[in-house]
Amino acid sequence: MKKIYFAGSIRGGRDDTSYYQLLISYIASLDCTVLTEHIGLKDIKAMGEEGKTEQWIYERDMAWLTEADAIVAEVTNPSLGVGYEIAKAEDMNKPILCLFRPSAERKLSAMIVGSPNLVIHEYASVPDAEQAISDFVDKLSATQPVA
Ligand code: 6K6
């Protein structure tokens, strides 16, 4: 079973939480473990994150990132933390899918678009993003031995 680290904005803004929720549920339905299911919770405090120190969160998330087989990042809402996680995962040579909903107001950072190591998928609807996730996960299974 593949382990997926789902990255989505927290302090960068929570407007897209319902997208995160739907995409995380979809990944879980593909028989993958989502290490970061709390990213899709409307109230992140419900996961007990509130009482934790920033250092604790950082170390726990970096351990999960190291453990993950691949990263799916929803990058529509800009987030320093998500950008940081993408760069770290890139250094670890992990497969990374970035999902972005283009709009008149928002263009994706050149540091993401310009990287040759990222799979970037622009989507308009959740089913479209789900198809991209399905293709990405299929390729993981084809190229990596089952643990
Ligand atoms: C609670 C107490 C101290 O910090 C918090 C925030 N809670 C977080 N819990 C889990 N993951 C986090 C938290 N804050 C950031 N992250 C990680 O960074 C997640 O894996 C997200 O993908 C990313 C979001 O970064 P920001 O910069 O938008 O917060």
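Each remark here, short or long, concerns the structure printed above.
As a starting point, this report considers the structure included with it.

Rules used throughout
Residues numbered from 1 in each chain as written. Predicted model: local features only at pLDDT ≥ 70, side-chain atom pairs only at ≥ 80, totals over all residues. Heavy atoms only, no water. Core = buried A, V, L, I, M, F, W, Y, C linked by side-chain atoms within 4.5 Å. Buried < 20%, exposed > 50% of the residue type's maximum accessible area, 1.4 Å probe, protein only. Helix = DSSP H or I, 4+ residues; strand = E, 2+ residues; numbered from the N terminus. Contact = heavy atoms within 4.5 Å. Salt bridge = Lys/Arg side-chain N within 4 Å of Asp/Glu carboxyl O. Pairing = 2+ DSSP bridges. Axes fitted to C-alpha atoms, helices over the stretch in contact; angles between N-to-C directions.

What follows covers the nonpolar core. Counting residues in each nonpolar core, the largest one holds 21 residues, and the members touching the most others are Ile 4, Phe 6, Leu 23, Ile 27, Val 72, Leu 99 and Ile 133. For this core, the secondary-structure elements that each account for two or more residues are β1 (3-7), α1 (17-29), β3 (70-74), β4 (96-100) and α5 (126-143). Ranked by residue count, the leading element in this core is α5, at seven residues. Setting aside anything within four residues of it in sequence, one finds Ile 27 in contact with Ile 4, Phe 6, Cys 32, Val 34, Val 72 and Ile 133. The next biggest cluster of nonpolar side chains, apart from the first, holds 19 residues, and it includes Ala 73, Val 75, Ile 86 and Leu 108.

For the structure on display, the rule yields five salt bridges. The partner of Arg 11 in a salt bridge is Glu 54, with the nearest N and O atoms 2.7 Å apart. Of this pair, Arg 11 sits in the loop between β1 and α1 while Glu 54 sits in helix α2 (residues 54-67), and the two are 43 residues apart along the sequence. Of the two residues, Arg 11 and Glu 54, both sit in the exposed class. Note that Asp 16 and Arg 101 form a salt bridge whose closest N and O atoms lie 3.0 Å from each other. Residue Asp 16 is found in the loop between β1 and α1, and its partner Arg 101 is found in the loop between β4 and α4 (110-113); the two are separated by 85 residues along the sequence. Taking relative accessible area as the criterion, Arg 101 reaches 15% and is therefore assigned buried. Via salt bridges that share partners, Asp 16, Glu 74 and Arg 101 belong to a single interconnected network.

Turning our eyes to something else, we now look at the sheet that holds strand β5 (residues 119-122). Spatially, five strands are ordered β2-β1-β3-β4-β5 in an open sheet, and the strand pairing comes out parallel. Each of the sheet's edge strands pairs with one partner strand only, and the pair in question is β2 (33-34) and β5. Alignment of β4 against β5, held across four bridges, turns out to be parallel. Within β5, the residue paired with Cys 98 across the bridge is Ile 120. Across the sheet, α1 lies against β1, β2, β3 and β4, angled at about 175° from β1, the strand it touches most.

Functional significance is not addressed by these values, which are geometric in nature.
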